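Results of the structural survey
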Amino acid sequence: MQKGSEELRQLLADALAGKQSRREILRRAAAMGISAPVFGALLAACGGGDDTSDSGGSGGGSQTTPSTGGDTTPTASSGDGGSSGGDGDIPEEVVIMQGVDANTLDPLLRNATPEFNINFHVFDMFTKRNPQTLEVEPHIVTEWKTIDDLTWEFKLVEGATFHNGDPVNADAAIYSFERCAKGKIGEQPVVQTITRLIGYESAEKIDDYTFRVKTSKPAAIFPDLLTSFEIIPPSVYTDADADTIAKVQREPVGSGPYKLVEWVKDDHITLEAYENYWGPKPKVKRVIFRPVPELSSRVVALQNGEANIIVNVAPDLVPQLDAGENTRVSQVTGGRIIFIGIRCDKPPFDDKRVRQALNYAVDFDSIRTALLNGAGERAATIVNPPHQHPDLKPYPYDPERARALLQEAGVPEGFEVTMDAPNGRYIKDAEMAQAIAQNFQDIGLNVNLRVLEWSVYAGELLPSGNPDPLFFLGLGAPFSGEQEIFYVHPDYSLNYTYWQHDEFVAKFAELSQTIDPDKRQQLMNELQEIIYDECPWVPLWHQVDFYGVTKTFPWEARPDERIFVGDVGI
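Reference entry: report on the structure contained in this document. (Residues numbered from 1 in each chain as written. Predicted model: local features only at pLDDT ≥ 70, side-chain atom pairs only at ≥ 80, totals over all residues. Heavy atoms only, no water.)

1. Some points on the overall build of the chain
- Within the chain, the regular secondary structure consists of 18 helices and 18 strands.
- For the chain, buried positions account for 57% of its 570 residues.
- Put simply, of all contacts in the chain between residues at least 6 apart along the chain, 72% involve residues at least 24 apart. (Helix = DSSP H or I, 4+ residues; strand = E, 2+ residues; numbered from the N terminus. Buried < 20%, exposed > 50% of the residue type's maximum accessible area, 1.4 Å probe, protein only. Contact = heavy atoms within 4.5 Å.)

Below you can see the structure in the form of structure tokens.
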């Protein structure tokens, strides 16, 4: 008891003197079995201010009543964007180090999460996803309803403006859909798939802040899709000529809490808080995204206080950062599926026996032990929880079965194949690709592994539509089931497998028009069974995401990989 009393007195003294961060003080209190409210009362009794409880303020913005579910006030444990609320130190400037730079910031042409993370600050998505529950919530669209099976009505927040001063209104919303529906921006195909997935037909203005969208089929996941769809100002995104198209890729204009200040390619992107933002005003006033491909460089930068958040920390470095004086790790199992794509239009990979052989060839347990510090599990399906098929199990490691299938399909020993892989985009991507290439060598293939920097991989190779017969990639992170299954549909813009299966296409069309949740799950299970048997991919794992974070910075990882600091401390 004497020891405990001394520890408590010392803790109170440290708190009153401001010797440690609020997060560290509360951590020490919790270790002594003292809750935050109780400690706050003790501190107040000693003459200190009670700043251990969180403010309940919502931070401004228009107050509306959503049609489904309520907008919640962020707290210390559940803030939008994955922040942990008011704990810790909130610097005016935050540096986020990602593994790669953006190739484009045009909302319809972006094709990678690092680009989306920047856009998430610059633009408003129509709806938002709760970072803990992943449920869809209102955002700049404050409410929505269905008029009939093929008509949706949406209401926008009033008083919002784009960074150039234009109003956010129904005209801007309708233009955002119409531009997406064009299919091409100049000569570049649109990557954003929302209009295809919902069967977009037209949009109609009801009043300045109300619009309706008509679809060719029921679209159960429409609100989900809106969590990744940016509203844009028509006067800026005119697509009038090649120069205009190129300019908006470099100089985005949105209505989000931050506006672009500067983009120095391959060095940094600087954003500053938008003073006229319609929602809660960010406490972080300046956000700098830096592309740093080498993990070791990102780690050193974090340890030296040159970064606040770094991505893709290798699992074996987690103990080191967690034990650091100024660093910690925020960890979450994400929705990104890492896989080897297989060109099903290239012999001998047009034979599903060969594709099955590749699935049997991968020794993921050894890869997990050697490269991932035991983190994660081999994926059985491309679908995220909660829509995974309950009975499908990962392909077992069985090199003898793999060899037998290759022999049965007539693939000669030493058949040469090239496999593409990126470097620095995903956790241990190049190293994992090397191990998998060796697995394929072990069953009789002669693999030429081609590792490319992400700017070349995502900026040139993939947009060409012509990767090599095997390619390492990661896609994510939706959680609707339908969106993940769409990854191997012939109409998906980033599907480079060129897999064709008539039953799959027909059943997917049925799914996309089905509203009943039980029937949808049944169809998703049947579609997963087709994919499992046909093997257009070698699913590897649902990536466990490790972020290095400054110890006192109150931000936490979220399963959908979105990095957002605009709500930290709000």
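2. Thoughts on the sheet that holds strand β14 (residues 327–342)
- Strands sit in the order β10-β11-β12-β1-β13-β18-β14-β17-β15-β16 across an open sheet of 10 strands; the sheet is mixed. What marks the edges here is a single partner per strand, and that holds for β10 (258–264) and β16 (445–453).
- Where β14 and strand β18 (residues 537–550) come together, 12 bridges link them in antiparallel fashion. From the neighbouring strand, T333 faces β18, where its bridge partner is V544.
- The sheet strands contacting helix α14 (residues 429–442) are β14, β15 (415–423), β16, β17 (470–475) and β18, and the helix crosses β16 at an angle near 170°. (Pairing = 2+ DSSP bridges. Axes fitted to C-alpha atoms, helices over the stretch in contact; angles between N-to-C directions.)

3. Here's the deal with helix α4 (residues 113–122)
- Most of α4 sits inside the fold, with 10 of its 10 residues counted as buried.
- Buried residues of α4: T113, P114, E115, F116, N117, I118, N119, F120, H121 and V122, and no others.
- On its buried side, α4 packs onto β1 (93–98), β10, β11 (268–273), β12 (286–291) and β14.

4. Observations concerning the pattern of salt bridges
- Within the structure shown, the criterion is met by 31 salt bridges.
- The salt bridge partner of K519 is E510, with a shortest N-O separation of 3.9 Å.
- On the basis of relative accessible area, K519 is assigned to the partly exposed category, the value being 31%.
- In this structure, the salt-bridge partner of D560 is R562, at a minimum N-O distance of 3.7 Å.
- Owing to a relative accessible area of 6%, D560 belongs among the buried residues under this scheme.
- Shared partners join several salt bridges into a network, and the residues in it are D106, R179, K182 and D239. (Salt bridge = Lys/Arg side-chain N within 4 Å of Asp/Glu carboxyl O.)

5. Considerations on the packing of aromatic side chains
- By the definition in use, this model includes 30 aromatic pairs.
- On the basis of an interplanar angle of 15° and a centroid distance of 5.7 Å, the ring pair of F177 and Y200 is categorised as stacked. Of the two residues, F177 sits in helix α5 (residues 170–181) while Y200 sits in strand β8 (residues 200–207), which places them 23 residues apart along the sequence.
- In this structure Y200 comes out as buried when scored by relative accessible area, which is 12%.
- Taken together, F126, W152, F154, F177, Y200, F211, F222 and F229 form an aromatic cluster joined through their ring pairs.
- Directly above the aromatic system of W454 lies the positively charged group of R425, at a separation of 5.7 Å from the ring centroid.
- Here the guanidinium or amino end of R562 rests over the ring plane of F120, the centre of that ring lying 5.2 Å away. (Phe/Tyr/Trp six-rings, centres within 6.5 Å; stacked < 30°, edge-to-face > 60°. Lys NZ or Arg CZ within 6 Å of the ring centre and 35° of its normal.)

6. Notes on the packing of helix α11 (residues 352–361) against helix α13 (residues 399–408)
- Where α11 contacts α13, the two axes come as close as 8 Å, and the packing angle between them is 165°. Classed by the angle they form, the pair α11 and α13 counts as roughly antiparallel. The element α11 and its partner α13 pack so that their crossing is left-handed. Across the interface between the two elements, R353, V354, Q356, A357, Y360 and A361 of α11 pack against P399, R401, A402, L405, L406 and E408 of α13.
- The class makeup of the residues in the contact of α11 with α13 is eight nonpolar, one polar and three charged. (Parallel < 35°, antiparallel > 145°, perpendicular 65-115°, else oblique. Left-handed = near helix turned anticlockwise from the far one by under 90°. Nonpolar A, V, L, I, M, F, W, Y, C, P; charged D, E, K, R; others polar.)

7. Some words on the pairing of β12
- Across six bridges, the pairing between β1 and β12 is parallel. Each residue of the ladder has a partner; that of V95, found in β12, is I288.
- As judged from the four bridges shared by β11 and β12, these two strands associate in the antiparallel manner. Its bridge partner lying in β12, I269 is registered against F289.

8. Looking at the nonpolar core
- Formed by 131 residues in total, the largest nonpolar core has its most connected members in F177, F211, F222, F440, F472 and L540.
- Counting residues in hydrophobic clusters, the runner-up holds 34 residues, among them V122, Y547, A557 and F564. (Core = buried A, V, L, I, M, F, W, Y, C linked by side-chain atoms within 4.5 Å.)

9. Here's the deal with the pairing of β14
- Burial analysis of β14 places 14 of its 16 residues in the buried class, the great majority of the element.
- Bridge analysis of β14 against β17 gives six bridges, and the strand direction is antiparallel. Looking across to β17, one finds that I340 is bridged to F472.

10. Details of unusual backbone geometry
- With omega at 0°, the peptide bond leading from P347 into P348 counts as cis.
- By the element assignment, P348 lies in the loop between β14 and α11.
- The phi dihedral of E561 falls on the positive side, at around 70°, and the residue is not glycine.
- Inspection of the secondary structure assignment puts E561 in the segment after β18.

11. Regarding helix α8 (residues 242–250)
- Listed as buried for α8 are I245, V248 and Q249. The buried side chains of α8 occupy one side of the element, clustering within an arc of 110° when seen end-on.
- Looking at the packing, one finds that the buried side of α8 touches α5, β6 (184–185), β7 (188–189) and β10.
- Where α8 begins, the side chain of D241 points an oxygen toward the backbone nitrogen of D243, at a separation of 3.2 Å. (Arc of directions from axis to C-beta. Polar contact = N/O pair within 3.5 Å; in protein donor to acceptor, adjacent residues only side chain to side chain.)

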